[in-house]
Amino acid sequence: MKVKDVIISALGLLGKGALACKLNNNTALDKGEQEVVDTLLYCFNSVEDEVARKYIPLCQSEKINSSTGDYYFTMFLRSPVHIKKVYSDGAAVSFKVYPQYISAVSGTVTVEYEYAPTKKNLQDTSDYGAEVGEYLFALGAASEYCLINGEIEMSELWEKKYRSAIDWAQSRLPSCKNIPPRRWI
């Protein structure tokens, strides 16, 4: 899923179809239009991070090596948020998490972890694919954009739809083994 496509969808939701067409056709944008796109990009990054940390975790498994048994987070390909399991020679081993590293047996281990997505640019691809959906992120970005611009009622409308889309996505994905939270009226 391309970030640009999410931004175009969010522009459509916000009633900015002319700007969406310009962005889709790679037409030059004036200063005000570029500010709208930049704000929506900021909102997309915020929503992607929120979804990854709270609702639909992004998981990675990788092999890393240490002679001391200390595996610093800087050694990982991605930025770990939660360490799920550590394996050595195919067997689970105990580990302890510290602020800058995890400690386990020395040698080569396989670490399963949840990670935070990196900040994206307009031409980047989201860490999520079609299984979560462009529409979910467009709803979240539209909600955040309206909130930033002081359009509270519109923000609440998009937020409600965004939360429903999260619940729907969680119910369909096997990696989300939690019950969606209740929404209070």
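In the block above lies the structure referred to throughout.
All of the points below concern the structure found in this document. Numbers given to residues run from 1 along each chain, matching the order in which its sequence is written. Reporting of local features is limited, given that this is a predicted model, to residues whose pLDDT is at least 70; pairs of side-chain atoms are given and counted only at 80 or more, and all residues count toward the totals for whole chains, interfaces and linings. As a rule here, side-chain values come from all non-hydrogen atoms in the structure, and water together with hydrogens is ignored.

## Focus on the packing of helix α4 (residues 134-148) against helix α5 (residues 152-172)
In a packed pair of helices, the relevant descriptors are the angle between the two axes and the axis-to-axis distance. The interhelical angle for the contact between α4 and α5, taken along N-to-C directions, is 155°, at an axis separation of 8 Å. By the angle class used here, α4 and α5 are roughly antiparallel. In the crossing of α4 with α5, the sense of the turn from one axis to the other is left-handed. Two secondary-structure elements touch here, α4 through L136, L139, G140, A142, S143, C146 and L147 and α5 through I152, M154, S155, W158, E159, K161, Y162, A165, I166 and A169. Throughout, the ten residues Ala, Val, Leu, Ile, Met, Phe, Trp, Tyr, Cys and Pro are labelled nonpolar, Asp, Glu, Lys and Arg are labelled charged, and all others, Gly among them, are labelled polar. Taken together, the residues that form the contact of α4 with α5 break down as 12 nonpolar, 3 polar and 2 charged. Axis lines are fitted through C-alpha atoms, for helices just across the contact stretch, and the angle between N-to-C directions can take any value from 0 to 180 degrees. Strands here mean DSSP runs of E at least two residues long; helices mean DSSP runs of H or I at least four residues long; both are numbered from the N terminus. Working rule for angles: under 35 degrees goes down as roughly parallel, over 145 as roughly antiparallel, 65 to 115 as roughly perpendicular, anything else as oblique. Here a crossing is taken to be left-handed if its near helix is turned anticlockwise relative to the far helix by less than a right angle, and right-handed if that turn runs clockwise. Note on contacts: a residue pair is in contact if any heavy atoms of the two residues lie within 4.5 Å.

## Let's talk about the nonpolar core
Only buried Ala, Val, Leu, Ile, Met, Phe, Trp, Tyr and Cys residues count toward a nonpolar core, and they belong to the same one when joined by side-chain atoms within 4.5 Å. Each residue gets one of three labels from its accessible area relative to the maximum for its type: buried under 20%, exposed over 50%, partly exposed in between, using a 1.4 Å probe on protein chains only. If you look at the biggest cluster of nonpolar residues, it comprises 50 residues, and the most contacted ones within it are I7, L40, V111, L136 and F137. For this core, the secondary structure elements donating two or more residues are α1 (3-13), α2 (17-24), α3 (31-55), β1 (58-66), β3 (79-88), β7 (107-116), α4 and α5. Top contributing element to this core by residue count: α3, with 10 residues. Apart from residues no more than four positions distant in its own chain, I7 is found in contact with L23, V37, L40, L41, F44 and L122.

## Examining α3
Expected span of a helix, by definition, is 1.5 Å for each gap between consecutive residues, and there is one gap fewer than residues. In this model, α3 (25 residues) spans 35 Å end to end at C-alpha, consistent with the 36 Å of a helix rising 1.5 Å per residue. Counted as a polar contact is a pair of N or O atoms within 3.5 Å, where, for protein atoms, one must be capable of donating a hydrogen and the other of accepting one, and residues adjacent in sequence contribute only when both atoms are in side chains. Its side-chain oxygen 3.1 Å from the backbone nitrogen of G32, D30 forms the N-cap of α3.

## Considering the pairing of β1
Working note: regular strand, side chains alternate between the two faces of the sheet. Because side chains alternate across β1, one face comprises the buried residues L58, Q60, E62, I64 and S66, and the other comprises C59, S61, K63 and N65, none of which is buried. Any two strands with at least two DSSP bridges between them are considered paired. As defined by bridge partners, β1 adjoins β7 across 9 bridges and the pair is classed as antiparallel. Bridging from a neighbouring strand, E62 pairs with V111 of β7.

## Observations concerning the environment of K119
Considering the arrangement of structural elements, one finds K119 in the loop between β7 and α4. For the pair K119 and N45, spaced 74 residues apart in sequence, the C-alpha separation works out to 6.0 Å.

## A short note on the sheet that holds strand β2 (residues 70-72)
The sheet built from 3 strands is open, its strands ordered β2-β6-β5 with antiparallel pairing. Where the open sheet ends on each side, the last strands, each with one partner, are β2 and β5 (96-97).

## Some remarks on the environment of Y115
By secondary structure assignment, the location of Y115 is in strand β7. For the pair Y115 and N26, spaced 89 residues apart in the sequence, the C-alpha separation amounts to 32 Å.

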